[in-house]
Structures are given as structure tokens and as C-alpha cells.
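Structural description and commentary
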Amino acid sequence: MNTYIFSIVTFVYLASMVVYVTYLAFRKPAIARVATVILLAGWLAQTVAIGLRWYESYQMGIGHAPMSNLYESLVFFSWTIILLYLIIEHKYKLPVLGAFVTPFAFLGMAYASISPSVNETIQPLVPALQSNWLISHVVTCFLGYAAFAVSCGVSCTYILKKRYEDRNATGGILATFPPAKVLDELVYKTIAIGFPLLTIGIVTGAAWANYAWGTYWSWDPKETWSLITWFIYAAFLHARVTRGWRGVKAAILSIVGFVAVPVSYTHLRAHETPEH
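Bear in mind that the values here come from a model prediction, so they are computed numbers and not experimental data.

Counting 77 residues, the largest nonpolar core has Tyr-13, Leu-97, Tyr-145 and Phe-258 as the members making the most contacts within it. Only helix H1 (2-26), helix H2 (29-59), helix H3 (70-92), helix H4 (98-114), helix H5 (133-166), helix H6 (180-213), helix H7 (221-243) and helix H8 (248-265) provide two or more residues apiece to this core. Top element by residues in this core is H5. It accounts for 15 residues.

Here's what the structure looks like:
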């Protein structure tokens, strides 16, 4: 049942993304409200499906949080992206960002639904993954990744708006975007949220690895790319705090940092490592 709901959610996220793009074209507040309602409905349905999957695992005698393989991690990743985006939209009233953030959640769900390499079945955890570190590690990592996804979407919005302002242009779709200064500050805030979460995720992952294999760090591709991601965002925050670094270059660094996140997925093999 949960997999069918996840498939429906994929199309709901697609519909929401299309409506957000439509809002950019017509700039009608009513369209933005429709997009948000569709997105919220999809997120609530996804929340129910995640709960059902967790319940079904207990019914099968497996009983673990649905975050243990590539399929489940992609679903959870998409869920966290929408959660953080909805919070930001509610707080800052910036529905224009939906057109740039919802595609990440849609693509995550679409890949989880159609990729032949993704296993949708609920499977028992191997002994290495049977640890109390599972939930804390995965939740903190993916909340951090979700914050970076939102930051990437905001960075794309910022670059477009900044160039628009530099040309002293008027009218058009970009006129509805928030001021570049507001977007730049939001890029910083989302990274400032995501970075400590990723740090906690890496630390708990190292503790988990030591519990499972007796070593905190083995330099496998997943661990290496996680560290590369950490250094990119650490460099961003360091430059921002100590030198006041901002603008297009900072936005590009934010985008580059997020590129390292999906690269990590290419090295993730379900049930083989705690570092996911």
C-alpha cells in the first residue's frame, strides 16, 4: 500500500511544481495558494505512507524505521525537502521559491519509483545496521541535505534576480522575485541550518561505523563525498562570517556544494554501509 501512495505523491509533487511555475508566469496569488495546497496535500500523504511503511515493517516482524535502503532514503529525503520548504514559505511568504525547490523532491521520488536499481520491498536489517544510531544518523544527515537542497534552489533564484537588478530591468517574471539581498540572506540561513545537522550526521555515522566494524572512518566513497560536502559548506560559512563573502560567487558555491550530495548517492549500496 505504501508504495502505491508514494507513486501518487510523485505525481502530486509534479503537479505542484507545474502550478508553481505557472505562478511565475501569471503572478496571481491564487495560483500560488493552489500550488501550496497541492504540495501540502502531497506531503501529508507521504507522511502517512512513511508511517504505514514503518507499521508494515513491524507487522512483518522486521520493525525498523523506513530509512534503511536507497529507496527509503530517497523517499525520506524528498519528505524533508518539502517539510523545510513549507516552513520557509510559511515564514517568509516566498512562494516563488517553490518553482526552484519542488523539482528536487519530485526528482527524488521519481527516481525512487522508476529506477530498476532501487528495491522497494521492506527488508530486514543486516546486523551492522541494527543499531540505535540508525535514526539519529539518517535523520540529521537528511535534514541537512534537505536544507542544502533548499539553499540550492534559493541560490538559483538569487543569481537570476541579481542579474536582473544589475541590468536595472523592470517588468517581467523576475520582477516578482524577492530582492536579491533577501535571497542572499536566505541562502546563508539555510546553509547555517544544514551545516550543523550534517556535522552531527557525520559524527553519529562515524560512531555507528565504529560500533559495526570497529573503525570510525574507512575512507570509502560515501564517507569521502560526505566529507567533501562538509568542507564545501564549511568554506562557505567561514568566508561568510570572517570576510562577509556574499553575492553570486557565494550562491555558486552553494550550488556546487549541493552537487556533491547526489554524487554520494551514486556510491550508496543498500544495507552495505551505515554511512547513508
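Text resumes after the structure shown.
The next subject is the packing of H1 against H4. Remark: H1 packs on H4, axes separated minimally by 9 Å, with the N-to-C direction vectors making an angle of 155°. Here H1 lies roughly antiparallel to H4, going by the angle between them. Crossing handedness for the pair H1 and H4: left-handed. Across the interface between the two elements, Phe-6, Ser-7, Val-9, Thr-10, Tyr-13, Leu-14, Ser-16, Met-17, Tyr-20, Val-21 and Leu-24 from H1 touch Gly-98, Ala-99, Phe-100, Thr-102, Pro-103, Ala-105, Phe-106, Met-109, Ala-110 and Ser-113 from H4. In the contact of H1 with H4, the residues fall into 15 nonpolar, six polar and no charged.

Bringing the confidence of the model for the chain into the picture now. Taken over all residues, the pLDDT of the chain has a mean of 87, while the share at 70 or more is 92%. Of all helices and strands in the chain, the one with the weakest mean pLDDT is H8 (87), whereas H1 scores best (94). Predicted confidence is poor over residues 269-276, with pLDDT under 50, and the contacts of this stretch with residues over four places away or in other chains come to 31 contacts.

Quick look at the packing of H5 against H6 now. The N-to-C vectors of H5 and H6 enclose an angle of 160°; their axes lie 7 Å apart at closest approach. As summarised for this structure, H5 and H6 are arranged roughly antiparallel, according to the angle between their axes. Classified by chirality, the crossing of H6 by H5 is left-handed.

Below, the discussion takes up the side chain of Thr-229. Note that Thr-229 resides in helix H7. With a relative accessible area of 1%, Thr-229 lands in the buried category. There is a polar contact of 2.8 Å between the side chain of Thr-229 and the backbone oxygen of Trp-225.

This part is about H3. Given a rise of 1.5 Å per residue, 23 residues ought to cover 33 Å, and the 33 Å separating the end C-alpha atoms of H3 matches this to within 8%. Across the 23 residues that make up H3, a large majority, 18, are buried. Just downstream of H3, Lys-93 is the residue with a positive phi angle, here 55°.

Cut-offs applied
Residues numbered from 1 in each chain as written. Predicted model: local features only at pLDDT ≥ 70, side-chain atom pairs only at ≥ 80, totals over all residues. Heavy atoms only, no water. Core = buried A, V, L, I, M, F, W, Y, C linked by side-chain atoms within 4.5 Å. Buried < 20%, exposed > 50% of the residue type's maximum accessible area, 1.4 Å probe, protein only. Helix = DSSP H or I, 4+ residues; strand = E, 2+ residues; numbered from the N terminus. Axes fitted to C-alpha atoms, helices over the stretch in contact; angles between N-to-C directions. Parallel < 35°, antiparallel > 145°, perpendicular 65-115°, else oblique. Left-handed = near helix turned anticlockwise from the far one by under 90°. Contact = heavy atoms within 4.5 Å. Nonpolar A, V, L, I, M, F, W, Y, C, P; charged D, E, K, R; others polar. pLDDT = per-residue confidence, 0-100. Polar contact = N/O pair within 3.5 Å; in protein donor to acceptor, adjacent residues only side chain to side chain. Expected span 1.5 Å × (residues − 1).

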